[in-house]
Amino acid sequence: MNTCSRKSTGAPVVRWFLIGAALSFILLFLVAPLAAVFAYAFQKGVQAYWNAIADPDAWAAIRLTLLTAAIVVPINALFGIAAAWSIAKFEFRGKNILITLIDLPFTVSPVIAGAIFVFLLGANGLLGTWLEARQWNVIFAVPGIVIATLFVTFPLVARELIPLMQSLGNDDEEAALSLGASGWRTFFRITLPNIRWGLLYGIVLCTARAMGEFGAVSVVSGHIRGVTTTMPLHIEILYNEYNFVAAFAVASLLALLSLVTLAGKKAVEWASARRPVEEFGPE
Amino acid sequence: MAPTRRRLVRKSILPGFGLTMGYVLSYLGLLVLLPLSFLFLRAGAMGWGDFWSVIASPRAVAAFKLSFGASGCAALLNAVFGLVVAWVLVRYRFPGRALLDALVDLPFALPTAVAGISLTTLYAANGPLGRFLVPLGIKVAYAPLGVIVALTFVGLPFVVRTLQPVIREIDPEVEEVAASLGARRRQVFLRVIMPAIFPALLAGFAMAFARALGEYGSVVFISGNMPMRTEIAPLLIMTKLEAYDYAGASAIAAAMLALSFVLLLGINVLQWWSRRNEYV
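Residues numbered from 1 in each chain as written. Chains lettered and ligands numbered in written order. Predicted model: local features only at pLDDT ≥ 70, side-chain atom pairs only at ≥ 80, totals over all residues.

Considerations on the overall build of chain B
- Counting its regular elements, chain B contains 14 helices and zero strands.
- Its helices and strands in sequence order give chain B the pattern α-α-α-α-α-α-α-α-α-α-α-α-α-α, from N to C terminus.
- If one aligns the C-alpha atoms of chain B with their principal axes, the spans along those axes are about 70 × 65 × 35 Å.
- Residues counted as buried form 46% of the 280 residues belonging to chain B.
- Across chain B, the fraction of contacts at a sequence separation of at least 24, relative to all contacts at a separation of at least 6, is 78%. (Helix = DSSP H or I, 4+ residues; strand = E, 2+ residues; numbered from the N terminus. Buried ≥ 20, exposed ≤ 12 C-beta atoms within 10 Å, placed from the backbone. Contact = placed C-beta atoms within 7 Å.)

Written out as structure tokens, the structure is:
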């Protein structure tokens, strides 16, 4: 990293021009919107901010958002671990196709992600009539929100873990197994500690996305205030009612969560950069 | 799958392949592949004539044009400034660099609805930025330009994050050699740097473009959603769903999905191509 000191890319004029351009771009497109969220949230003071968050409908939205995340994150985290184990630890044909298929939900527009479940599970959908006969409300109810969120956050943990496990290799696990450890014991004592930071970051990413998803949830929610509105949907309702302070107050909670996500990524980068030292250090 | 699996998989002493692969395949099939293929079945059941009449209707064509045009502009903007940001982050050291680097991921982490209301308020006629832009005749909020701004925000990390590792690989000595042999700065950029980063730049552009095509949350607030003028394709799907026009919604959704898959394929080919070229 001594490349910078050599100033190989030319005169200071060019250098400062490029830094200035990069900074202005980041300021205009990233810092300004982020700062605006907090500025508008506290526009009318702390009391107005607090009233907006303590509102019963806002609370209902926060509870539904947390409930959704609490269901979605463990399922997709488990899937991520299973996907990473089968893809990174074994050699089989069609691996690249499987990885592409796992990434598929990222290329599907959130609105389409919601729409496919309306088509499948909605009133006149393929399974809709069957569900209706049993009076199971899925679409325009909480289960639909959970399913749409599962779809949208599907690849997040797997994507973090697959390259990580591939880079770690199989040597540690093979050593443990040949010394007589069981498969589960090997996983919990060897693999899990090795991937813990990547897994943690995947979970943080998945949680943030699950709580912030808007398009897909918007399609399947039915927008019943206080019942099927998650935080992003509640923000939309408040914003469309010109209740800007309340909208930005709820938005500031999600913005805070996104800052935690960014900090989490930096922390994981630090932790994984430190790992080699840790391994050779005293126990 | 079970009977053929043994021949497809290389033997390993590690356990758990059947269990984990079983979970992965059944979950992937139920949650992703089954619903997606049902969408195509449903759109296919319409018949070609009906499908085409939905896709080629003036309102749908206007929505597709805006979606592709604005996504293209946003991805291009991100390609240019993403290159500058990635270059600055890799090559220069200055106070606040680590913070800047962390901030690049913000669009991945900030919910799109939050970005949407924030950008709209910033660029509205009485907003902190709109106040100066609107008197100059630059209308961002509730205009096509607003769609481009929102999509630029959404696609910003892709170009930067694909370029950073590639720029890190370029040895500054190569540039010095070129310069000492008499190459001008523009020549060094076009002949030395550009060929090395071009595949990654293209891949980043394509990813930002694909992400922008499907974006909904940040755009609905800033665009104003006027049919024929500021209505993007995902919003048209939403409008048709809300009107219970499921056939129309599935036709547009199927068309958009097919286009995204073609893009995804292109990205994968590009990445494969750039990885191969790295070692040549």
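Describing unusual backbone geometry
- In the Ramachandran plot, Y242(A) falls in the positive-phi region, its phi being about 60° despite a non-glycine side chain.
- Here Y242(A) lies in the loop between helix 12 (231-240) and helix 13 (244-280).
- The class of Y242(A) is exposed, set by 7 C-beta atoms lying within 10 Å.
- Even without glycine at this site, M228(B) takes up a positive phi of about 75°.
- Among the secondary structure elements, M228(B) is positioned in the loop between helix 12 (217-223) and helix 13 (233-242).

Considering the interface of chain A and chain B
- Contact residues are listed per partner, giving 75 residues for chain A and 74 residues for chain B.
- With 15 residues, the single largest contributor to the side of chain A that touches chain B is helix 1 (residues 12-41) of chain A.

Section: helix 8 (residues 156-168) of chain A
Residue and element names in this part refer to chain A.
- With 13 residues, helix 8 should reach 18 Å at 1.5 Å per residue; the first-to-last C-alpha distance of 19 Å fits that figure.
- Within helix 8, the full set of buried residues consists of L156, V157, A158, R159, E160, L161, I162, L164 and M165.
- Those residues of helix 8 hidden inside the fold are in contact with helix 3 (56-89), helix 4 (95-107) and helix 10 (183-212).
- Where helix 8 terminates, the next one or two residues include G169, which has phi positive at roughly 75°. (Expected span 1.5 Å × (residues − 1).)

Details of the packing of helix 4 (residues 58-91) of chain B against helix 11 (residues 185-214) of chain B
Residue and element names in this part refer to chain B.
- One way to put it is that helix 4 packs onto helix 11 with a least axis distance of 8 Å and a crossing angle of 140°. The angle between the axes of helix 4 and helix 11 places the two elements in the oblique class. As helix 4 runs across helix 11, the sense of the crossing is right-handed. Across from S67, S71, G72, A74, A75, N78, A79, G82 and L83 in helix 4, the residues of helix 11 making contact are L201, G204, F205, A208, F209, A212 and L213.
- Each residue belonging to the contact of helix 4 with helix 11 can be placed in one class, and the counts come to 10 nonpolar, six polar and no charged. (Axes fitted to C-alpha atoms, helices over the stretch in contact; angles between N-to-C directions. Parallel < 35°, antiparallel > 145°, perpendicular 65-115°, else oblique. Left-handed = near helix turned anticlockwise from the far one by under 90°. Nonpolar A, V, L, I, M, F, W, Y, C, P; charged D, E, K, R; others polar.)

A short note on the packing of helix 8 of chain A against helix 10 of chain A
Residue and element names in this part refer to chain A.
- It is at 8 Å that the axes of helix 8 and helix 10 come closest, and there the two elements cross at 165°. By the angle between their axes, helix 8 is roughly antiparallel relative to helix 10. When the axes of helix 8 and helix 10 are compared, the crossing they make is right-handed. Listed contacts from helix 10 to L156, V157, E160, L161, L164, M165 and L168 of helix 8 are N194, I195, G198, L199, Y201, G202, I203, L205, C206 and R209.

Here's the deal with the environment of F106(A)
Residues and elements named next belong to chain A.
- When you line up the elements, F106 lands in helix 4.
- Exposure remark for F106: the 17 C-beta atoms within 10 Å place this residue in the partly exposed category.
- Separated by 47 residues in the primary sequence, F106 and T153 place their C-alpha atoms 8.4 Å from one another.

Here we look at the domain arrangement of chain A
All names here are of chain A.
- As assigned here, chain A comprises domain 1 (1-41) and domain 2 (45-280).
- Of note, the centres of domain 1 and domain 2, computed from C-alpha atoms alone, are 31 Å apart.
- Every contact between the two is made by five residues of domain 1 and, on the other side, eight residues of domain 2.
- The residue makeup of the side of domain 1 that touches domain 2, split by class, is five nonpolar, no polar and no charged. (Domains from an automatic or database assignment.)

What to know about the confidence of the model for chain A
Residue and element names in this part refer to chain A.
- Averaged over chain A, the pLDDT score is 88; the fraction of residues at 70 or greater is 93%.
- Below a pLDDT of 50 lies the segment residues 1-9, which in the model reaches 14 contacts outside its immediate sequence neighbourhood of four places, other chains included.
- Contacts from residues 277-283, a stretch scored under 50 in pLDDT, to residues over four places away or in other chains number zero contacts. (pLDDT = per-residue confidence, 0-100.)

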